[in-house]
Amino acid sequence: YELVNPDYGTMADMERLIAEAHKRDIRVILDFVPNHSSWKAPWFISACSSVDNEYRNFYHFSENNPGGAWHQVPTGTTSYWYHGDFDKSMPDLNYGPAGTCENNATFKAMVGAAKFWVDKGVDGFRLDAVKHIYSNQVSNENPTFLKKFYDSVNAYFQGKSVLGFKDVYMVGECWLGTDDMAKYYTGLPSLFDFTAWENRLLYAIQNSHAKWFPKDMIAERNVFANYRKDFIQATKLSNHDEVRARTALGGGSLSMSLERSKMAAAVLLTSCGSPFIYYGEEIGMMGDKT
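In this text the structure is predicted, and so the values were computed from the model without any measurement. (Residues numbered from 1 in each chain as written. Predicted model: local features only at pLDDT ≥ 70, side-chain atom pairs only at ≥ 80, totals over all residues. Heavy atoms only, no water.)

## Thoughts on helix 2 (residues 42–49)
Put simply, the rule reads: Residue exposure (1.4 Å probe, protein chains only): buried if accessible area is under 20% of the type maximum, exposed if over 50%, otherwise partly exposed. Helix and strand definitions here come from DSSP, where helices need a minimum of 4 consecutive H or I residues and strands a minimum of 2 consecutive E residues; each element is numbered from the N-terminal end. Here, the arc refers to the directions that run from the helix axis to the C-beta atoms.
Considered for burial, the residues of helix 2 that qualify are Trp43, Phe44, Ala47 and Cys48. Looking straight down helix 2, one finds that the buried residues subtend no more than 125 degrees of arc, so they occupy a single side.

Okay, structure coming up:
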């Protein structure tokens, strides 16, 4: 969590990138994964070595196989099982009860990692898979955790922004419908709005029927405001988990996909929200995950 993948360069390269971006009034936001680590992470390798290891409680272990998303420990304590909701290569982190997670060693380590990047000049974070940190996606556990995480990092961020921003920026990937996703605004200032693309804009363009789009977007924002008055609605077209926008809009015709994609981009950049652009969509890349 505090290193640069050598495929991308060195820490010196990263520091230069941040400095050059700041010279141009560009904020740098890093992807940050609070739900799980890699099974190759030093924390997990150490945790597997012994039931008494200091990192053992960073993860969920069981002496028996509960079934489902539980996987056999690969090294060391191989008679045990660990939980990895996405895949065996991504063991879930354990923060203990959400109400007291700030006292948990895992929580402190993750906040420490975020502080490390704040000291490097990073201006914010995109938090991956925030609805999966605690298994009940619609309870108040995840928003409670996120608020404590945000407040801890934000308190450290105060006065450190080279560009003069008061608060750290955090946007959460929360792939839920409007009503359930809105509750996560009690924890984070910004959330990706999947519904605005999947159920609103994509539908309107595919069906040449935009009558309800403005009304629906306003209705969404009213729901968000019930939980945070200064919410930042992070709008987008497709992302890395979805069929690319141009492919989804194509209807089998390349010319149609191009015109529809230009229309989608125009709406994204001129309607409400703080728009994000998935790399490649600015040049009309295609891709079908199905």
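Structure's up, so let's keep going.
## Overview of the pairing of strand 6 (residues 169–172)
Note the following rule: We call two strands paired when DSSP finds no fewer than two bridges between them. Orient the strands so they point away from the viewer, and a crossover whose first-strand-to-second-strand path over the helix runs clockwise is right-handed.
Both faces of strand 6 are covered, namely the face carrying Tyr169 and Val171 and the face carrying Met170 and Gly172. Where strand 5 (residues 124–127) meets strand 6, four bridges bridge the pair, whose relative direction is parallel. Bridging across to strand 6, Phe125 finds its partner in Met170. Viewed along the sheet, the connection from strand 5 through helix 4 (residues 141–157) into strand 6 turns out right-handed. Pairing geometry for strand 6 and strand 7 (residues 190–192), over two bridges, is parallel. Bridging from a neighbouring strand, Val171 pairs with Ser190 of strand 7.

## Let's talk about unusual backbone geometry
The residue Asp25 is not glycine, and still its phi comes out positive at about 60 degrees. Along the chain, Asp25 falls in the loop between helix 1 (11–23) and strand 1 (29–32). Judged by relative accessible area, which is 64%, Asp25 ranks as exposed. Residue Ala129 is not a glycine yet carries a positive backbone phi of 50 degrees. One can find Ala129 in the loop between strand 5 and helix 4. A residue is classified by how much of its surface remains accessible, and Ala129, at 4% relative accessible area, is buried.

Structural measurements only, silent on function.
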